[in-house]
Amino acid sequence: MEQWLQKYYDFLRIERQLSPHTLENYQRQLTAVLTLLNEQGIQTWQQVTPSVVRFVLASSKKAGLHEKSLALRLSALRQFLSYLVVQGELKVNPAIGISAPKQGKHLPKNIDNEQVAKLLNNNSKEPIDVRDRAMLELMYSSGLRLSELQGLNLTSLNLRTREVRVLGKGNKERILPFGRHALTAIRDWLKVRLLFNPKDDALFVSSLGNRMSHRSIQKRMEIWGIRQGLNAHLNPHKLRHSFATHMLEASSDLRAVQELLGHSNLATTQIYTHLDFKHLTDVYDQAHPRAKRK
């Protein structure tokens, strides 16, 4: 069973070209599934039936997994079993037709415009602060994912046209604009970047000259938010959500925001960039011919 898992990981890495972070998530979920199957004496993938798949979900839920994690585990297992069908190891996928528990739509809170201005109002000349301010400005200006920000190289930027080229989910490339504040912050960072003795062409590097990790970026943003007296905990996801919400509130152009965020499904954008009800009712009152108030 483990041999087939290893073949699948090689397929995901080489053929699908998944990022190390995404591949690690698949491995973690499928390793947990294999442990549950071994505990039940299941020794081949042919022994996995729809009942066994339901058992995996029930056991995982009993162990404390929440709905989102259960859905992720089921998705990872279903995709792996589909791979076995393609390879001729299984005749049918036993996970097809089995649904994960419904997830509640928990929307992240965005930071309002006033809080964003407070967050970015820091003119420290310390090289680390200059770097962190450039990361914050660029992430908020272009609505980048954490993985997209972390993967940027010097060649990803076009300062003349104020554009950044990012590699999103599924290795889909898109080109995004960024604003003048981000441009100034990036230029300030590039003036001091060599002080960190970069080991490659990564845009954002640590004090040791290595490309910054996901965790180090998260930690630096958390520290920055505390220093700037932000009311809420700051993380990359919250900045991206704030970008999306503010863009949608200002433009009401859902399709444009979808393109900027790199969402393949418009429904994802609708959930991600929710508007508060007061804003929606204001738009409705102004736009609908039978809703306009005197």
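About the criteria used
Residues numbered from 1 in each chain as written. Predicted model: local features only at pLDDT ≥ 70, side-chain atom pairs only at ≥ 80, totals over all residues. Heavy atoms only, no water. UniProt positions renumbered as here; feature names shortened; annotations may be inferred. Pairing = 2+ DSSP bridges. Helix = DSSP H or I, 4+ residues; strand = E, 2+ residues; numbered from the N terminus. Buried < 20%, exposed > 50% of the residue type's maximum accessible area, 1.4 Å probe, protein only. Polar contact = N/O pair within 3.5 Å; in protein donor to acceptor, adjacent residues only side chain to side chain. Contact = heavy atoms within 4.5 Å. Phe/Tyr/Trp six-rings, centres within 6.5 Å; stacked < 30°, edge-to-face > 60°. Lys NZ or Arg CZ within 6 Å of the ring centre and 35° of its normal. Salt bridge = Lys/Arg side-chain N within 4 Å of Asp/Glu carboxyl O. Expected span 1.5 Å × (residues − 1). Axes fitted to C-alpha atoms, helices over the stretch in contact; angles between N-to-C directions. Parallel < 35°, antiparallel > 145°, perpendicular 65-115°, else oblique.

- The name an unreviewed UniProt entry gives the protein is Tyrosine recombinase XerC, with Lonepinella koalarum as the organism.
- Its UniProt record, at the heading Sequence similarities (unreviewed entry), says of the protein: "Belongs to the 'phage' integrase family. XerC subfamily."
- The UniProt entry for the protein carries this comment under Subcellular location (unreviewed entry): "Cytoplasm".

1. As for the sheet that holds strand β1 (residues 157-158)
- With respect to topology, three strands assemble into an open sheet ordered β1-β2-β3, the strand pairing being antiparallel. In the strand order of this sheet, the two ends are held by β1 and β3 (173-177), each with one partner.
- Where strand β2 (residues 163-167) meets β3, five bridges bridge the pair, whose relative direction is antiparallel. Paired with V164 across the strands is L176, a residue of β3.

2. Structural notes on the side chain of R131
- Looking at the element boundaries, R131 is found in helix α6 (residues 127-142).
- Exposure remark for R131: the relative accessible area of 3% places this residue in the buried category.
- Here D132 takes part through its side chain, which lies 3.0 Å from a polar atom of the side chain of R131.
- Once residues lying within four places of it in the same chain are set aside, the contact partners of R131 are W189, F196, F204, V205, S206, S207, M212 and R220.

3. Digging into the packing of aromatic side chains
- Applying the stated criterion across every chain yields a total of nine aromatic pairs.
- By the ring-pair criterion, three or more aromatic residues cluster together here, those being W4, Y8, Y9, F11, W45, F80 and Y83.
- Sitting over the ring of W224, R227 keeps its end group 5.4 Å from the ring centre.

4. Regarding the pattern of salt bridges
- Tallied over the full model, the rule gives eight salt bridges.
- Ionic pairing is found between D132 and R131, a salt bridge with its closest N-O pair at 3.0 Å.
- Residue D132 is classed as buried on the basis of its relative accessible area of 2%.
- In this structure, R220 and D132 form a salt bridge, with 2.7 Å as the shortest nitrogen-oxygen distance. Of this pair, R220 sits in helix α9 (residues 214-227) while D132 is found in helix α6, placing the two residues 88 residues apart along the sequence.
- The network of salt bridges with common partners includes R131, D132 and R220.

5. Remarks on helix α2 (residues 20-39)
- For α2, with 20 residues, the first-to-last C-alpha span of 28 Å sits near the 28 Å given by 1.5 Å per residue.
- On the buried face of α2, the contacting elements are α1 (2-14), α3 (50-62) and α4 (67-86).
- Within two residues after α2, G41 carries a phi angle of roughly 80 degrees, on the positive side.

6. Topic: the packing of helix α5 (residues 113-120) against α6
- α6 packs onto α5 with a crossing angle of 155 degrees between their chain directions and a minimal axis gap of 10 Å. Comparing their axes, α6 and α5 come out roughly antiparallel. Judged by residue contacts, N113, V116, L119 and L120 of α5 engage R133, L136, E137 and Y140 from α6.

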